[in-house]
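Okay, here's what each chain looks like letter by letter:
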Amino acid sequence: MSVVLVVNSGSSSFKYQLIEMDGERVLASGLVERIGEAAGHAEHKTAGEPFEIERPIPNHTAGFRLMLDAFANHGPSLTEHAPVAVGHRVVHGGARFFEATLIDDLVEINIDDLSFLAPLHNPGALQGIRAARRAFDAVPHVAVFDTAFHQTMPPEAYTYALERETAEKHRIRRYGFHGTSHKFVSEAAAAYLGRPNSELKQVVFHLGNGASVTAVDGGRSVDTSMGFTPLEGLVMGTRTGDIDPAVLIHLQRRAGLTTNELDDLVNKRSGLVGLAGANDMRDLTARAQAGEAEAQLAIDVYTHRLRAYAGAYLAQLGGADVISFTAGVGENVAHIRAAALRGLEFAGVEIDAERNENAKRGEITRISSDASRVAVLVVPTDEEVEIARQTLAAAQE
Ligand code: AMP
């Protein structure tokens, strides 16, 4: 019986799941947050209601002690369900890490080195790794990178047409993100269809608050919509996605916006929030149905971009066998799925309206018609299980 602990750590919080790998069952999950603030907060969930703990948590090490207390007081017992490995989500692996990697001191240094590419994410992940390695010092720890799955992109897909010397000096290229989810979903789609992943051409739409789409050829990412950072590509909850970079230069020159203000504008105050004041698709859908033009335009801009990428990736792949939708919006919003693929009948894509409307939550569902040449699926993503799988595999190597 193998149990894996999965940790997703930021600079002031971390989430965890204890997963029993036979059957991939979550035994416990939780959240430790407001680390370093006056009042810390933690939640620990087993089978039933979550237990809440309020207490100052000065640093990640204290956070892990609190987590261990929660397991000791509320179960399950970590003696009975001792993790054989700990998996850590790390956002940026740069061009250095192309697979899940056993953590040692050198790997820690490399993750630290890559912090300049993900200043908001990698330092927090590293704090979590260091504290967790102390708390679980007898088992292997594994880093699973959001970027790793996209390291198979060919140079023409990851290279920006930017002056070469400048790009190389600052390591500017497309890296891609959400790789753990794209990998999980493309493998789940192949398994559902009962076909070898190596034979399939796939397009995967991960539509959550952050959103990206990936072209997967034979199980390998060959193109993805996020780039140097998770800002590029699709319209998101609060991010612009693709925008003419000259807009930023213009705003700096003409409106005097500072670097931080521009960063805030394109990452936090744009996307659906910027267009219609809300990023929850339930809210926007209700407002559009009530005839509100602003909400309708936000949805139209969002789906127009989805279609543009669907067409582009079908062209890059030379057609697809399967298109999947996942994450909050992708798994729950039928009208977005329908609009994303509208007009693609010529490429063999045909959604069945009733199957699309009735797609069951939490289950893989085929929403294409029987006549559709391309299978269109809704696939619930599970990044924690994917991290746990890769962790176990890397630990057993
Ligand atoms: P995620 O980042 O995958 O958790 O997705 C979060 C987003 O998914 C939210 O901002 C909502 O827009 C959307 N979402 C989640 N559940 C639903 C739902 N039942 N109906 C419509 N939108 C949903």
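All values reported here derive from a predicted model rather than from experimental measurement.

Engineer: Is there a simple way to think about the overall build of the chain in this case?
Structural biologist: Scanning the chain from N- to C-terminus turns up 15 helices and 14 strands. Against the globule reference of 21 Å for 397 residues, the chain gives a C-alpha radius of gyration of 22 Å, in line with a compact fold. Each of the three principal axes of the chain carries a C-alpha extent, and together these read 60 × 55 × 45 Å. Excluding contacts between residues fewer than 6 apart, the proportion of contacts in the chain whose partners are at least 24 apart in sequence is 62%. Accessible surface, the chain: about 18400 Å² in total, of which carbon and sulfur atoms supply 50%. Across the chain, the centroid of the 37 positively charged side chains sits 3 Å from that of the 52 negatively charged ones.

Engineer: Would you mind going over the UniProt feature "active site" (unreviewed entry) in the chain with me for this structure?
Structural biologist: Those places that UniProt annotates as "active site" (unreviewed entry) correspond, in this numbering, to D146. Position of D146 relative to the elements: it lies in the loop between β8 (141–145) and α4 (155–158). Exposure remark for D146: the relative accessible area of 3% places this residue in the buried category. Those residues in contact with D146 that lie beyond four places of it in its chain are R89, V90, V91, G176, F177, H178, G179 and T180.

Engineer: How should the UniProt feature "binding site: Mg(2+)" (unreviewed entry) in the chain be read in this particular structure?
Structural biologist: Within the UniProt annotation, "binding site: Mg(2+)" (unreviewed entry) is assigned to N8 and E383. Sequence-wise these annotated residues cover 376 residues; spatially they are packed, their C-alpha atoms never more than 10.3 Å apart. Along the chain, the position of N8 falls in strand β1 (residues 3–9). A relative accessible area of 22% places N8 in the partly exposed class. The contact partners of N8, leaving out residues within four places of it in the chain, are S13, F14, K15 and R89. As for its position among the elements, E383 is in helix α15 (residues 383–396). Each residue touching E383, except ones within four places of it in the same chain, is listed here: T180, S181 and H206.

Engineer: What is the right way to look at the side chain of T365 in this model?
Structural biologist: Along the chain, the position of T365 falls in strand β13 (residues 365–366). Residues in contact with T365, not counting those within four places in the same chain, are Y192, A359, K360, V376, L377 and V378.

Engineer: What's the story with the site of the ligand in this structure? I'm lost.
Structural biologist: With respect to spatial proximity, the complete set of residues near the ligand consists of G208, N209, N279, D280, M281, R282, A327, G328, V329, N332, V333 and R361. Note that an oxygen atom of the ligand is positioned 2.9 Å from one of the backbone N or O atoms of G328. In this structure, V329 approaches the ligand through a main-chain N or O atom, which is 3.4 Å from an oxygen atom. In the complex, 70% of the free accessible area of the ligand, which totals 500 Å², lies under the protein chains. Residue assignment for the shell around the ligand shows that the elements contributing at least two residues are α10 (281–289) and α12 (327–332). Partitioned by chemical class, the residues of the shell around the ligand number 4 nonpolar, 5 polar and 3 charged.

Engineer: What is the right way to read the pattern of salt bridges from this model?
Structural biologist: Any two side chains of opposite charge can pair if their charged atoms end up close together. Taken as a whole and judged by the stated rule, the model has 21 salt bridges. Across the salt bridge formed by D217 and K201, the nearest N and O atoms sit 3.5 Å from each other. Of this pair, D217 sits in strand β10 (residues 211–217) while K201 sits in strand β9 (residues 201–207), placing them 16 residues apart in sequence. A relative accessible area of 27% places K201 in the partly exposed class. In this structure, D264 and K268 form a salt bridge, with 3.9 Å as the shortest nitrogen-oxygen distance. Highlighted residues: D264 and K268, both in helix α8 (residues 259–268), separated by 4 residues, approximately one helical turn. Through salt bridges with shared partners, one network takes in E24, K183, E187, E386 and R389.

Engineer: Sorry, what's going on with the sheet that holds β10 here?
Structural biologist: The pairing of strands in a sheet happens through backbone hydrogen bonds and is either parallel or antiparallel. Taken in spatial order, the 6 strands of this open sheet run β11-β10-β9-β12-β14-β13, and their pairing is mixed. Each having just a single partner strand, β11 (220–224) and β13 make up the two edges of the open sheet. As paired strands, β13 and strand β14 (residues 375–378) are joined by 2 bridges and run antiparallel to one another. Looking at β14, one finds that T365 is bridged to V378. Relative to β9, helix α6 (residues 179–193) is tilted by about 130°, and along the sheet it contacts β9, β10, β12 (322–326), β13 and β14. Packed onto the sheet, helix α11 (residues 293–317) meets β9, β10 and β11 and runs at close to 160° relative to β9.

Reading the values: rules and limits
- Residues numbered from 1 in each chain as written.
- Predicted model: local features only at pLDDT ≥ 70, side-chain atom pairs only at ≥ 80, totals over all residues.
- Heavy atoms only, no water.
- Helix = DSSP H or I, 4+ residues; strand = E, 2+ residues; numbered from the N terminus.
- Rg over C-alpha atoms; globule rule 2.2 N^0.38 Å.
- Contact = heavy atoms within 4.5 Å.
- Areas by Shrake-Rupley, 256 points an atom, 1.4 Å probe, with all protein chains shown as cover.
- Lys, Arg positive; Asp, Glu negative; His and termini not counted.
- Charge placed at Lys NZ, Arg CZ, Asp CG, Glu CD.
- UniProt positions renumbered as here; feature names shortened; annotations may be inferred.
- Buried < 20%, exposed > 50% of the residue type's maximum accessible area, 1.4 Å probe, protein only.
- Near = heavy atom within 4 Å.
- Polar contact = N/O pair within 3.5 Å; in protein donor to acceptor, adjacent residues only side chain to side chain.
- Nonpolar A, V, L, I, M, F, W, Y, C, P; charged D, E, K, R; others polar.
- Salt bridge = Lys/Arg side-chain N within 4 Å of Asp/Glu carboxyl O.
- Pairing = 2+ DSSP bridges.
- Axes fitted to C-alpha atoms, helices over the stretch in contact; angles between N-to-C directions.

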